[in-house]
Every structure is written in structure tokens, then in C-alpha cells.
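Working through the structure, step by step
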Amino acid sequence: PSVIDLKTAAALHMAVDRGAGGEASGEGDAQSAQAFPALQEGLSLGGHSFPTFQTVATDMAGLSAQYGKPLDGVLGYSFLADKIVLIDYPKQQLVLVEHPMEAWAMLRSCRLRHSVKLASFGDDSIPLVPDFHFGSASAAISLDTGSNGGIALYPAALALPGVKEALVEKGEIAFAGARGKSTAKTYSLAEIGRAHV
């Protein structure tokens, strides 16, 4: 979902339903991480105004500390679901496009681009890449908008042809998730069959 920091929500006088809060899911070592339903009204970006959308309010101090600067919120699926988003990494620019033809006009200048149609299971809001390739093997993967720099494999992925044999342990990393700090083992995928991952 989209998320806003509780202190930011209070400073903006947002209506936060503290009576309907619950335990937030996600990575981290915190014993408790409360999240509360809220509505984001009056959002404007780049001179464009957007209609009200649902968000959750939670304490984002841990994530802010990890990033090294205040993190007021995250525009997630509840905001992005009906929009076309183009990210130009070299220019460090994000563009929200209203019509597909506008997107194609902007993509013509890209020397390297990847287009992936996203799907989801039922009412789940986590988008899926339905046919991700691991060398000669393929499977559906989730696109976790809260992660960067890698992908997470579920145990079932180890049954894919060649995947288990291709995993090379690289050590442990520390990271921050919705519930605080955590650590995880990291791996790289070596050559699978004749294809590199």
C-alpha cells in the first residue's frame, strides 16, 4: 500500500483511523509495528493534482534512519495502480503518464528498455512478473516495491531446473523493513545451463 509517516500525517492534519489499526506485516525485528488506515487527500506532483487514495499511517523512523534522511511516505500500489509510471534512471526522473501514446513517445529515445506486463493473484495488490527467466527455467515472481538491488526466492524456487545448483552464497546483509532492522543471507546466481542470470 501507500504509506505515510505518523508524524507527517499529524503535521498535515490527516484523518487517521487509530481505532482500526493493526499489526503491520513485513521484514524486521521490531516486536510491534502498528499501522492505521488513512486517506491521502490533495496530493499534487509536478503541477498535477490527484484524487484521494487510501494509505496506511505508521512510524517510519526506522526506515528514515536506514536511508539517512527523513522519509515522509511511500507512493505504493493504491496510488500507482491506475497510472503509467516511467523511470529514467540516468536522468533520475520519474514521469507519470496519463495515456499509453504519451509513454510510447517517451520510450522511443531509450536505447535500452524493458517492458513487463504485471498481473496479480486475485485481490492481492503485489504485482507479479508471470514469466521470469532463470537461465532455462522460468517461474512467476513477485515485484516487491519495498526492495531494491535484488530479488527474493521462495523455497519452491529451489525445485526449478538448475536454480539450487547455481546459488553461490555471498555473505550476509543488514537491511530495514516495515518492522525494523533485519539480516539475510545473500546469494548470486551463477550460470544456469547456457544462460546467465
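Let me begin by describing the structure that accompanies this report. (Residues numbered from 1 in each chain as written. Predicted model: local features only at pLDDT ≥ 70, side-chain atom pairs only at ≥ 80, totals over all residues. Heavy atoms only, no water.)

Considerations on the overall build of the chain
Within the chain, the secondary structure is distributed over 5 helices and 13 strands. In the chain, buried positions account for 23% of the 197 residues. Relative to all contacts within the chain whose residues are 6 or more apart in sequence, the contacts with residues 24 or more apart total 40%. Accessible surface for the chain amounts to roughly 14200 Å². Of this, 55% is attributable to carbon and sulfur atoms. (Helix = DSSP H or I, 4+ residues; strand = E, 2+ residues; numbered from the N terminus. Buried < 20%, exposed > 50% of the residue type's maximum accessible area, 1.4 Å probe, protein only. Contact = heavy atoms within 4.5 Å. Areas by Shrake-Rupley, 256 points an atom, 1.4 Å probe, with all protein chains shown as cover.)

Some remarks on the sheet that holds strand β6 (residues 53-58)
Strand order in the open sheet formed by 5 strands is β2-β3-β6-β1-β7, with mixed pairing between adjacent strands. Strand pairing shows two members of the sheet lacking a second neighbour, β2 (22-23) and β7 (73-74), which therefore form its edges. Pairing of β2 with strand β3 (residues 34-40), which is carried by 2 bridges, proceeds in the antiparallel orientation. By the bridge assignment, E23 is partnered in β3 with Q34. (Pairing = 2+ DSSP bridges.)

Here's the deal with the pairing of β3
Summarising the sheet, β3 and β6 pair through 6 bridges and their orientation is antiparallel. By the bridge assignment, L39 is partnered in β6 with Q54.

Observations regarding the nonpolar core
If you look at the biggest cluster of nonpolar residues, it comprises 9 residues: V129, F134, A137, I141, A157, L160, V163, A166 and L189. Listed by contribution, the elements that provide at least two residues to this core are β10 (128-134), β11 (137-142) and α5 (163-166). If we skip the residues at most four places from it in the chain, I141 touches P127, L128, V129, F132 and F134. By size, the runner-up hydrophobic cluster in this structure holds 7 residues, among which are A9, M14, A38 and A57. (Core = buried A, V, L, I, M, F, W, Y, C linked by side-chain atoms within 4.5 Å.)

Let's talk about the pattern of salt bridges
For the coordinates displayed, the defined rule picks out 1 salt bridge. In this structure, K83 and D82 form a salt bridge, with 2.9 Å as the shortest nitrogen-oxygen distance. What makes D82 exposed here is its relative accessible area of 65%. (Salt bridge = Lys/Arg side-chain N within 4 Å of Asp/Glu carboxyl O.)

Focus: the packing of aromatic side chains
Counted under the stated rule, the structure contains 2 aromatic pairs. Ring centres 5.0 Å apart and planes at 50 degrees place the aromatic pair F53 and F79 in the tilted group. One end of the pair, F53, is in strand β6; the other, F79, is in helix α3 (residues 77-80), and 26 residues separate them in sequence. The two residues F53 and F79 agree in class, both being buried. Every member of this aromatic cluster is reached through a ring pair, and the members are F50, F53 and F79. When the ring centre of F36 is taken as reference, the NZ or CZ atom of R18 above it lies at 5.2 Å. We note K83 situated over the ring of F79; from NZ or CZ to the ring centre the distance is 4.2 Å. (Phe/Tyr/Trp six-rings, centres within 6.5 Å; stacked < 30°, edge-to-face > 60°. Lys NZ or Arg CZ within 6 Å of the ring centre and 35° of its normal.)

Overview of the pairing of strand β9 (residues 93-97)
Relative to β9, strand β8 (residues 84-88) is paired through 5 bridges, and the arrangement is antiparallel. Residue pairing for β9: I84 is matched across the bridge by V97. The hairpin turn running from β8 into β9, its antiparallel successor, is 4 residues long, and Q92 in that turn takes a positive phi close to 50 degrees.

Quick word on the environment of A38
Positionally, A38 belongs in strand β3. Distance from A38 to Q54, taken between C-alpha atoms, is 6.1 Å for residues 16 residues apart in sequence. Not counting chain neighbours up to four residues away, the residues in contact with A38 comprise M14, A15, V16, F53, Q54, T55 and A57.

Quick notes on unusual backbone geometry
The backbone of H13 sits at a positive phi, close to 55 degrees, despite the residue not being glycine. One can find H13 in the loop between α1 (6-11) and β2. Positioned with a positive phi, Q92 is a non-glycine residue whose angle comes to about 50 degrees.

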